[in-house]
Amino acid sequence: MLTRCLQLRIASAALAASLAAASVMAQPVEHEQPAEPQRSDAAHPIGEIGRLITAAAGGATLTIKAGVYREHLRIDKPLTLVAEGLVVLDGDSSGDIVEITAPDVTFRGFTIRNTGIDLDKENAAIRVLAPRATIEHNTLEDILFGIDLREAPDSRIIGNRIGGKNLDIARRGDGLRLWRSDRTLVERNSIHDGRDAILWYSTGVVVRGNTALDCRYGLHLMFSDDVHIVDNELARNSVGIYLMYSTGVEIVGNRLLRNRGPSGYGIGLKETDRFSVRDNLLIGNRSGVYLDGSPFTAAQPGEFTGNTLAFNDVGFTFLPSAKGNEISGNNFIDNIDQVSVSGRGTLAANAFWKGERGNFWSDYSGYDQNNDGIGDFVHESQTLFENLLDKQPALRLFLFSPAQQAIEFVGRAVPAVRPEAKFTDEVPLMRPVAVRPEMRSSQGDGVPLFGAGVLLTLAGVGVVISIRERSSTISVIPAVRAAGGLA
Amino acid sequence: MSAFAVLSRPLAASNAPSLLSNVGVIARRELRDAIRSRWFLLYTLAFVVLGLAVSFVSAAGTGGTGLSGFGRTTAGLINLVLLVVPLMALTAGAASIASDRERGMLAYLLAQPVTRAEVVLGKYLGLALSLFASLSLGLGTCAVILAWKGVRTSPSSIVWLAGLSMLLALGMLSLGFLISVLARKASVAVGTAIFVWLSLVFVSDLALMAGAVALRLRIERLFALSCANPLQVFKMWSLHAVDASLDVLGPAGLYATEEYGRWLHAIFAGCMIVWIVVPLAAAALVLSRRSPL
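Computed from a predicted structure; not experimentally measured.

K.L.:
Quick rundown of the overall build of chain A? Include the residues and the values.
P.N.:
Counting its regular elements, chain A contains six helices and 39 strands. Considering only intrachain contacts with a sequence separation of at least 6, the fraction spanning at least 24 residues in chain A is 52%. Within the structure as shown, chain A displays about 21200 Å² of accessible surface, and the carbon and sulfur contribution to it stands at 54%.

In C-alpha cells:
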C-alpha cells in the first residue's frame, strides 16, 4: 500500500515536473511546489496562488501569470483573481479545485481541469458558498461538477466553457448548479458532456444565450420562480428544458434540437404555473413539448405562442391533467404525431386558438377562399392511426407503412370507426408564423443533395442510353454466332 | 446431385463461350426489351411523377420556414417506394418467363446452347438493370427537386434510399421470377404477383397489427415477425440508415436498437439477401425440372 502510494507520488511528481517544464518553455515563469506547506485545506497543501491569496488584502486584484498550477484554492476574502494568459489549475484528479467562501469574489479567465470523480463529495471545479460572485470566461475541462453555487445569490456566471468527464451519464456531475442563489445571471456559457444544469430554489434567475450539448437535462428547474430562459441552445440532451413546481417562468427564443433521451422532451412542464413559452424552435425531439399538470392553478392560462415544432416524434404531449393552456400562433410542421394525449381524456380544457388566431398545421387540408389568412374549415385532428398509437405505442413499428395509410383511409371513409376529434383548431392559419432567421440552424446548402440527385439521374439515363446504342449488335447468342449463326 | 449439377451442365458444345457472356447477352436482350416496353415506361413515369408530387408536397408542408429534417419528406419517399417498387418488380418478374413461355420464346431460348440457369440469371440481371434505371431516374429527380425547393437533407440519405430500394426491388424481382416459373400462363402469373404484392404491402402488416393488439405480442416477437416481411425490413433499414436510430418506431424500434445496435445493418442485410437469393434459386430449380413448354 505504502509503496503504491509512493509510486503514485513519484509518478505525479514526474508529471508535474514535465508539465512545469512545458510551461517554462512557453512562458519563462517557474512554479514550484511549496517545500513546507502551510495549512489551508487539510487535504491539499497551499500553493503559489494560495500564498498570494493569503497575503492579499480584501478588495485587491491578483493577476496570475501563465503556467500550470497544481493546486486547490480557497478564496476566503473579497478578491478579484484574473488569469493573465493561459493559467491552468490542475486538480490532480482529486477533490474540488476552487472554493469561494467570501462574498464579492471575481474569478476570471482560468482554465481548470481534473477534479476528482467522487460523486458523494460532489467534486467541483468551482464551488461558490457566498453571495455576489462573478465567474467569468473560465474554461473547465475534465471536471465532475462544473460551477456549483450554494446560497450564492446575485452572482454572475458568464462566458464559461464547461466540459464534463468522459464518463457514463450516471457517473457524471452537473455542469452547472444553482442552489438557493436568487437573481443570478447565467449568460453565454457552454456546457457539454455534463449531467444536468440545475436551478433549485433560486428566484429571479436569468439564463440567457447558453448552450448545452450531450447532457442529461439541458436545464432543470425545481421550485425556482420568475426565471427567464432566453435564447439558449439545448441540443442532443436527454431532455432540453424541464420545469417542476416553478412559477412565473418565461421561456423565449430558445432552440431545442434533437433531445431524444428515454423521455426526450424539448420543453417539459410539470406542475408549473404562470408560464409563457414563446418563439422557441423545437426540432427533432422525441416530444417537442410535454405538459403534466400545467398550469397548476387556474390563476393564468399557460401561454404557448410563436413556437415552431417541427419533425418531432410528437409535437405536443398532454397528460390528461394538463388544462387551461392557450396554444396559438405556433407552427406544427411534420411532427409524426402533431398532438398526443397520453392515456385517456381529451384536450377540451385547452384552447388551440386565441381570439381569431389559431396555429399553422402542416397537415391542414382546408382552404381560404376569402384570403384572410385563416382556413375556412376548422382543423380537427382525428386520424385513426394516431389514436391507435396513443393507446398502443408498440404499433409505432408500422409507422410510414402503406398499412398505416390504409387504416387512416378507413378512419376517414367509415364513420363508424372514425375516432372522436382529439382537438379542434377553429381558426387554423394558412401560412406559417415567421421564424426569426437567426433562429434557423446553419443547414448548409443544397449542393450535395442536388449533386447526388443529378448523379442518380445520370446513372439511370446511362443505363437506358447504353442499351439503345448497342441494341443492334446483340441479337445472337455468342455461342451460336461463333458456330456460324442460326441459319 | 442434382439440380445444381444439371443447371451448370453446359448444353452447348465444349467450345462454348463462358457462362458470363451468355448471361450477359441474355441480360442485355432483356434490358433492351424492358426499356422498349410500355410497362417499363409507364412505371418509370409513374414513379417519377409520384416522387415529384411527394417532394413538392413535403417541401410545401414546411411552409417555407426553411426548416428541414427527418419528417414526412423522407417518410413520404419511403412510403412511395414501399408501394410502387414491389409492384414494379413483382409484376416485371412474374411476366418475364411466363410470357416468354406463352409466346414460345422460352423454347426458342432454351434451344440455344445455354443452360436454364443462364437464362434465368440473364433475364434477372436484365430486368434488375432496368429497375435500377427506373429507380435512379425517379429518386434522382426527386433529390434534385428537393434540393431546389430548399430541403436540406444530407445526400447520403437519398443514396441510402436508392440503394435500399434497389435491394428491395431485387428481392421482389426474385419472388416474381418464382411466381413466373410456377404459373402456367402470363396472366395468372401477373395476377398472382399482384395478390402477393397486396399481401406484403397491406395484409401482412394489418394482420400483424391485429395480432399484436389481440394477442398482446411482446415487442421482441413483433420485431422478429416484421423482419420476415421484406417491405418492413426495407422500411426499418432505411430509417436506421437515414436517421441512425430506430427509436422513432416506438418500443419495438427502441428494443431493436438497444438489443442489436450496430448489428442491425447486418441483420437487415441478411434478411434482404435471403429474399433475393432463395426465390431466385428456387425459380432456377423449378425451371430446370419442369418442361419448358
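K.L.:
Go over the confidence of the model for chain B with me, naming the residues and quoting the values.
P.N.:
Residues and elements named next belong to chain B. With 85% of its residues at a pLDDT of 70 or more, chain B has an overall mean of 83. When mean pLDDT is compared element by element in chain B, helix H12 (residues 264–289) scores highest at 94, while helix H1 (residues 3–8) scores lowest at 37. Segment residues 1–16 is flagged for pLDDT under 50; beyond a separation of four residues in sequence, or across chains, it makes 13 contacts in the model.

K.L.:
Describe the sheet that holds strand E31 (residues 302–305) of chain A, and please don't skip the residues or the numbers.
P.N.:
Residues and elements named next belong to chain A. Here we have twelve strands laid out as an open sheet, ordered E1-E4-E7-E10-E13-E16-E19-E22-E25-E28-E31-E34, and parallel in their pairing. Two strands close off the open sheet at either side, each with one partner strand: strand E1 (61–64) and strand E34 (325–328). Between one strand axis and the next, the sheet turns through 5° on average, direction left out of account. Inspection of the sheet shows strand E4 (residues 80–83) paired to strand E7 (residues 106–108) by three bridges, in the parallel sense. For threonine 80, the partnering residue across the bridge sits in E7 and is threonine 106. Taken strand by strand, helix H2 (residues 48–55) contacts E1 and E4, and its axis lies near 165° from that of E1.

K.L.:
Quick rundown of the sheet that holds strand E27 (residues 265–270) of chain A? Include the residues and the values.
P.N.:
All names here are of chain A. Across the sheet, twelve strands lie side by side as E3-E6-E9-E12-E15-E18-E21-E24-E27-E30-E33-E36; this open sheet has parallel pairing. The open sheet has two edge strands with one neighbour each: strand E3 (73–75) and strand E36 (337–341). Within the sheet, the average angular offset between the axes of one strand and its neighbour, ignoring direction, is 10°. The pairing of strand E15 (residues 176–179) with strand E18 (residues 196–200) spans four bridges and is classified as parallel. Its bridge partner lying in E18, leucine 178 is registered against leucine 199.

K.L.:
An account of the nonpolar core is requested, with residue identities and associated values reported.
P.N.:
Counting 99 residues, the largest nonpolar core has Phe177(B), Phe234(B), Leu249(B) and Phe268(B) as its most contacted members. Counting residues per element, this core draws most heavily on helix H7 (residues 155–182) of chain B, which supplies 15 residues. Not counting chain neighbours up to four residues away, the residues in contact with Phe234(B) comprise Ile78(B), Val81(B), Leu82(B), Leu161(B), Leu164(B), Ser165(B), Leu168(B) and Met272(B). Among the nonpolar cores identified, the runner-up in size contains 74 residues, and Ile64(A), Ile135(A), Leu178(A) and Val339(A) belong to it.

K.L.:
With reference to specific residues and values, describe the pairing of E15(A).
P.N.:
Across four bridges, the pairing between strand E12 (residues 145–150) of chain A and E15(A) is parallel. Bridge assignment links Leu149(A) to a residue of E15(A), and that residue is Leu178(A).

K.L.:
So what's going on with the pairing of strand E14 (residues 161–164) of chain A? Residues and values would help.
P.N.:
For strand E11 (residues 139–143) of chain A and E14(A), the ladder comprises three bridges, and the chain directions are parallel. Counterpart to Leu140(A) in the pairing with E14(A) is Ile162(A).

K.L.:
Could you give an account of the environment of Tyr217(A), naming the residues involved and the relevant values?
P.N.:
Within the secondary structure layout, Tyr217(A) lies in strand E21 (residues 217–222). In this structure, Tyr217(A) is in contact with Arg195(A), Asp196(A), Ala197(A), Val239(A), Gly240(A) and Tyr242(A), ignoring residues within four places of it in sequence.

K.L.:
An account of the confidence of the model for chain A is needed here, citing residue identities and associated values.
P.N.:
Mean pLDDT for chain A: 85, with 85% of residues reaching 70 or above. Every residue in residues 471–476 of chain A is under pLDDT 50, and counting partners more than four places away or in other chains gives nine contacts.

K.L.:
Tell me about unusual backbone geometry, residues and numbers included.
P.N.:
All names here are of chain A. Proline 295 follows serine 294 through a cis peptide bond whose omega is -5°. By the secondary structure assignment, proline 295 is in the loop between strand E30 (287–292) and E31. One non-glycine residue, arginine 236, lies in the positive phi region at around 60°. As for its position among the elements, arginine 236 is in the loop between strand E23 (233–235) and strand E24 (239–244). What makes arginine 236 partly exposed here is its relative accessible area of 46%. Although it is not a glycine, arginine 258 sits at a positive phi angle of roughly 50°. By the secondary structure assignment, arginine 258 is in the loop between strand E26 (255–257) and E27.

K.L.:
Kindly report on the packing of aromatic side chains, identifying the contributing residues and their values.
P.N.:
Residues and elements named next belong to chain A. For the coordinates displayed, the defined rule picks out 25 aromatic pairs over all chains. Residues phenylalanine 316 and phenylalanine 332 carry aromatic rings whose centres are separated by 5.8 Å and whose planes lie at 45° to one another, so their mutual orientation is tilted. Taken together, the positions of phenylalanine 316 in strand E33 (residues 314–318) and phenylalanine 332 in strand E35 (residues 331–333) put the pair 16 residues apart, joining distant regions of the chain. The pair formed by phenylalanine 316 and phenylalanine 332 is uniform in burial state, with each residue classed as buried. Between the aromatic rings of phenylalanine 332 and tryptophan 361, the centroid separation amounts to 4.2 Å while the plane-to-plane angle is 15°, which identifies the pairing as stacked. Here phenylalanine 332, found in strand E35, pairs with tryptophan 361, found in strand E37 (residues 360–361); they are 29 residues apart in sequence, far enough to count as distant. Here the two residues phenylalanine 332 and tryptophan 361 agree in accessibility, since each one is buried.

K.L.:
Outline the environment of Ala189(B), supporting the account with residue identities and numerical values.
P.N.:
Residue and element names in this part refer to chain B. Turning to its location among the elements, alanine 189 is positioned in helix H8 (residues 186–214). Relative accessible area serves as the criterion here: at 0%, alanine 189 is assigned to the buried category. Each C-alpha atom, one on alanine 189 and one on serine 96, is 9.3 Å from the other, the two residues being 93 residues apart in sequence.

K.L.:
Which residues make up the environment of Val190(B), and what values go with them?
P.N.:
Residue and element names in this part refer to chain B. With respect to the helices and strands, valine 190 occurs in helix H8. For valine 190, a relative accessible area of 26% gives the class partly exposed. It is 8.7 Å that separates the C-alpha atoms of valine 190 and glycine 93, two residues lying 97 residues apart in sequence. What valine 190 contacts, discounting residues up to four positions off in sequence, is Thr91, Ala94 and Ala95.

Here is what the cut-offs are and how they apply
- Residues numbered from 1 in each chain as written.
- Chains lettered and ligands numbered in written order.
- Predicted model: local features only at pLDDT ≥ 70, side-chain atom pairs only at ≥ 80, totals over all residues.
- Heavy atoms only, no water.
- Helix = DSSP H or I, 4+ residues; strand = E, 2+ residues; numbered from the N terminus.
- Contact = heavy atoms within 4.5 Å.
- Areas by Shrake-Rupley, 256 points an atom, 1.4 Å probe, with all protein chains shown as cover.
- pLDDT = per-residue confidence, 0-100.
- Pairing = 2+ DSSP bridges.
- Axes fitted to C-alpha atoms, helices over the stretch in contact; angles between N-to-C directions.
- Core = buried A, V, L, I, M, F, W, Y, C linked by side-chain atoms within 4.5 Å.
- Buried < 20%, exposed > 50% of the residue type's maximum accessible area, 1.4 Å probe, protein only.
- Phe/Tyr/Trp six-rings, centres within 6.5 Å; stacked < 30°, edge-to-face > 60°.

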